[in-house]
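# What the coordinates show
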Amino acid sequence: MIHKKIFKSSFLLSLLFLMSISVSCQKKNKTQKPALNEHKNIIVGANETEAYLGLLKNKNVAVVANNTSVIFKNDSSKYEHLVDSLLTLHINITKVFAPEHGFRGKADAGEVVTNSIDSKTKLPVYSLYGANEKPSSEVLKNVNMVVFDIQDVGVRFYTYISTLHYVMEACAENGIPVIVLDRPNPNGHYVDGPIVESDFKSFVGMHPVPIAYGMTIGEYAKMINGEKWLDNGIHCDLTVIPLKNYTHNSTYSLPLRPSPNLPNDKSINLYPSLCLFEGTNVSCGRGTEMQFQIFGSPSLPKDSYKFTFTPEPNFGSKKPKHMGQECYGLDLSKTKDLDHLNFSWLIDAYHATSQKDVFFNKFFNKLAGSEKLKNQIEQGLTMEEIRASWQKDLEAFKTIRKKYLMYP
C-alpha cells in the first residue's frame with residue numbers, strides 16, 4: 001500500500017509538472033512575433049488558377065512577367081514560371097512583355113532591355129523599359145487579354161508600378177482587358193514619405209503617392225483606375241485575382257529576388273530609405289554582395305564612417321558607382337527592421353561629406369518627387385522637421401488609399 005501511494009503521488013506530481021510546462025509554452029507562443037515563414041500560408045494570385053483560367057481560354061494572351069512570375073508548388077522553394085505553366089495548360093500565349101531588368105530578371109538597373117526571343121518558350125519578348133515604356137497598338141494587335149504578374153516591393157520609385165500604368169493605359173486604349181495576379185507587398189505595413197509633385201513626374205514617380213504607399217500591386221492597379229490617372233482619365237477593364245490569408249501586416253519573405261540588387265529581406269526593408277542615395281555621390285552597395293544594406297563614399301570621413309568596401313563589377317551591376325575605389329560608410333545589415341522611412345543616414349552623410357557641392361545629382365529630385373527634400377537637407381532641417389512637412393499630404397493620400405484596399 002505504501003509503495004502504491006508513493007507511486008500515485010509521484011505520478012500526480014509529474015502530471016502537474018508537465019501541465020505547467022504546457023501552459024507556459026502556450027503563453028509563450030501567444031506572445032511570439034509571427035515567424036518569418038508565415039508567408040507559407042499566403043496564397044498568391046498566380047496560384048489561384050481556377051479563378052482566372054476560364055478567362056484565358058480561347059484567347060490570344062500576352063503576359064507581363066519577369067523572374068518572379070511563378071506558380072508555387074508544395075512550398076515556396078518549388079515553383080514553375082507562370083508562362084511555362086500556362087503553356088502546359090494549353091493557354092495560347094502569343095507574346096511576353098518584360099519590365100526593367102528583363103523577362104528573366106538579369107539586366108542591371110537602368111540598363112536598356114531590348115526585344116528578343118525567349119530561348120525556352122521561343123515566344124517573342126517585348127521590352128517595356130527604355131525606348132518603349134508603353135506597348136504600342138501594333139504590338140497589341142490580335143491580343144485579347146493581358147495578364148500582369150510581377151512581384152513588387154511597395155516603393156514608388158520601383159518601376160514595376162510605372163510599367164503597370166502604361167500596360168493598363170495601352171490596353172484601355174485598345175479595348176483589351178487586364179488581369180492582375182496579386183502578390184504581397186513586403187513593405188506593406190506602413191505608409192510614409194513625401195508625395196510626388198506634378199512638375200516632377202517621371203518613370204520613378206508617375207503618381208501623387210508617397211515613397212512607401214502600403215498597397216499590393218493589385219490594390220495599386222485599382223487606384224490607378226479609380227483615380228483616373230490614365231491618359232485622359234480612360235478606364236481599364238481590370239480584374240484583380242486576390243491573395244488569400246494576407247493582411248498588410250503579414251510577414252512575407254520573398255522567395256525570389258524581385259530584382260538583381262535586392263538580394264534578401266534586409267535589403268528590401270531598407271530599400272525605401274536608402275534608395276535616395278542613388279541621387280547622390282554615395283554608393284548603396286551596388287557592386288558588392290550587400291546591396292542596399294550598406295552605403296559609403298570615398299568623400300565620407302573615414303574616422304566617422306569606419307566600414308569600408310570597394311565596388312567591383314558583379315551580377316546586377318556591370319559599372320557600379322565608385323568602381324574600384326575604397327568607400328567609407330556604414331553597415332546596416334544588422335539594424336532593426338524599419339516600419340517607417342529613415343532619412344537620418346542621408347542627412348548625416350550630407351553634413352559629413354567633403355564634397356557638398358557635388359553631393360546631390362539631377363536624379364535626386366526625381367526620386368524625392370520635388371525639390372523640397374534636397375532644400376530641406378541643405379538648410380539643415382532635422383529628420384523630425386522634414387517628416388512634419390509632409391504629414392498633411394500623407395494623411396490626404398491615406399484617405400484616397402482606403403477606397404482601394406482589398407485586405408485588412
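Let me sum up the structure you'll find in this document. (Residues numbered from 1 in each chain as written. Predicted model: local features only at pLDDT ≥ 70, side-chain atom pairs only at ≥ 80, totals over all residues. Heavy atoms only, no water.)

### Some thoughts on the overall build of the chain
Which entries qualify depends on this criterion: A helix here means a DSSP run of H or I that spans at least four residues, while a strand means a run of E at least two residues long, and both kinds are numbered starting from the N terminus. Relative accessibility decides the category of a residue: with a 1.4 Å probe and only protein chains considered, values under 20% of the type maximum give buried, values over 50% give exposed, and everything between is partly exposed. Here, two residues are considered to be in contact whenever any of their heavy atoms come within 4.5 Å of each other. Accessible surface area values rest on a Shrake-Rupley calculation with a 1.4 Å probe, where residue burial reflects the displayed protein chains alone.
A count of helices and strands for the chain gives twelve helices and twelve strands. Out of the 408 residues belonging to the chain, those deemed buried represent 53%. At a minimum sequence separation of 6, the contacts of the chain that also span at least 24 residues come to 73%. Entry remark: accessible area of the chain is about 19200 Å², with carbon and sulfur atoms responsible for 53%.

### Considering the sheet that holds strand E1 (residues 61–65)
In sheet architecture, strand pairing relies on hydrogen bonds along the backbone and comes in two forms, parallel and antiparallel. What counts here: Two strands make a pair as long as DSSP finds a minimum of two bridges between them. For helices, the fitted line uses only the C-alpha atoms of the stretch in contact; every axis is such a line through C-alpha atoms, and the angle between N-to-C directions lies from 0 to 180 degrees.
One open sheet holds the seven strands; their spatial order is E5-E6-E4-E1-E7-E8-E9, and the pairing between them is mixed. Of all the strands in the sheet, the pair left with one neighbour each is strand E5 (116–117) and strand E9 (238–241). Bridge count for strand E8 (residues 178–181) against E9 is four bridges, and the pairing is parallel. Considered in E9, the bridge of Leu181 is made with Ile241. Contacts from helix H6 (residues 217–226) reach strand E7 (145–149), E8 and E9 within the one sheet, and its direction differs from that of E9 by about 160°.

### Considering the side chain of Asn66
Tracing the backbone through its elements, the reader meets Asn66 in the loop between E1 and strand E2 (70–72). Classification of Asn66 as buried rests on a relative accessible area of 0%. Ignoring anything within four residues of it in the chain, the contact list for Asn66 reads His81, Pro99, Gly102, Phe103, Asp149, Ile150, Tyr160 and Pro258.

### What about the sheet that holds strand E12 (residues 327–331)?
In spatial order, the strands read E10-E12-E11; together these three strands make up an open sheet with antiparallel pairing. Looking along the sheet, the strands with just one partner apiece sit at the ends: strand E10 (294–297) and strand E11 (307–309). Taking the axes of each pair of neighbouring strands and ignoring which way they run, one obtains an average angle of 40° across the sheet.

### Concerning the nonpolar core
Basically, it comes down to this: As used in this record, nonpolar core signifies buried Ala, Val, Leu, Ile, Met, Phe, Trp, Tyr and Cys residues forming a set joined through side-chain atoms within 4.5 Å.
Residues Tyr52, Val146, Tyr220, Leu276 and Phe277 are the most contacted members of the largest nonpolar core, which totals 113 residues. Here Val146 is in contact with Ala62, Val64, Leu140, Val167, Cys171, Ile176, Pro177, Val178 and Ile179, once residues within four sequence places are set aside.

### Digging into the pairing of strand E4 (residues 93–98)
Counting buried positions along E4 yields five of six residues, so the element is predominantly enclosed. Inspection of the sheet shows E1 paired to E4 by four bridges, in the parallel sense. Bridging from a neighbouring strand, Val61 pairs with Ile93 of E4. Pairing geometry for E4 and strand E6 (residues 124–127), over three bridges, is parallel. Paired with Val96 across the strands is Val125, a residue of E6.

### Looking at the state of the cysteines
Structurally, a disulfide amounts to a covalent bond that connects the sulfur atoms of two cysteines. Threshold: Working definition: a disulfide is two cysteine sulfur atoms within 2.5 Å of each other.
As enumerated under the stated definition, the model contains zero disulfides in all. Not part of a disulfide, Cys284 finds its nearest cysteine sulfur in Cys275, a span of 6.5 Å.

### A few points about helix H8 (residues 344–352)
Along H8, the residues classified as buried are Trp345, Leu346, Ile347, Ala349 and Tyr350. Lining the buried residues of H8 we find helix H7 (265–274), E10, E12, helix H9 (363–368), helix H10 (372–378) and helix H11 (383–389).

### Focus: the pairing of E8
Note the threshold: The crossover handedness rule: strands pointing away from the viewer, path from first strand over the helix to second strand clockwise, crossover right-handed.
Residues Val178 and Val180 of E8 are buried on one face, and the alternating residues Ile179 and Leu181, pointing to the opposite face, are buried as well. Here E7 pairs with E8 via three bridges, running parallel. The residue bridging Val146 from the neighbouring strand is Val178, located in E8. Since E7 and E8 lie parallel, the crossover through helix H5 (residues 160–173) that links them has a hand, and here it is right-handed. Once you follow E8 into H6 and on to E9, the crossover reads as right-handed.

### Overview of the environment of Pro186
Residue placement: Pro186 occurs in the loop between E8 and H6. Classification of Pro186 by relative accessible area gives buried; the value is 16%. Spatially, the C-alpha atoms of Pro186 and Thr216 are 8.9 Å apart, while their sequence positions differ by 30 residues. Once residues lying within four places of it in the same chain are set aside, the contact partners of Pro186 are Gln151, Asp152, Val153, Tyr252, Leu254 and Ile268.

### Observations concerning the pattern of salt bridges
Stated precisely, the cut-off is as follows: Think of a salt bridge as a Lys or Arg side-chain nitrogen and an Asp or Glu carboxyl oxygen that are within 4 Å of each other.
Under the criterion given, the structure shown has 13 salt bridges. A salt bridge links Asp84 to Lys120; its shortest N-O distance comes to 3.0 Å. You can see Asp84 sitting in helix H3 (residues 82–88) and its partner Lys120 sitting in the loop between E5 and E6, a full 36 residues away along the chain. Taking the relative accessible area as the measure of exposure, Asp84 reaches 11% and is therefore buried.

### Points about helix H2 (residues 49–56)
For the record, the criterion: When we speak of the arc, we mean the arc of directions from the helix axis to the C-beta atoms.
Those residues of H2 lying buried are Thr49, Tyr52, Leu53 and Leu56. For H2, the buried positions fall inside an angular range of 115° around the axis, keeping them on one side. Away from its buried face, by an angle of more than 90 degrees, H2 presents the exposed residues Glu50 and Gly54. Where the residues of H2 are buried, they touch E1, E2, H3, E7, E8 and E9.

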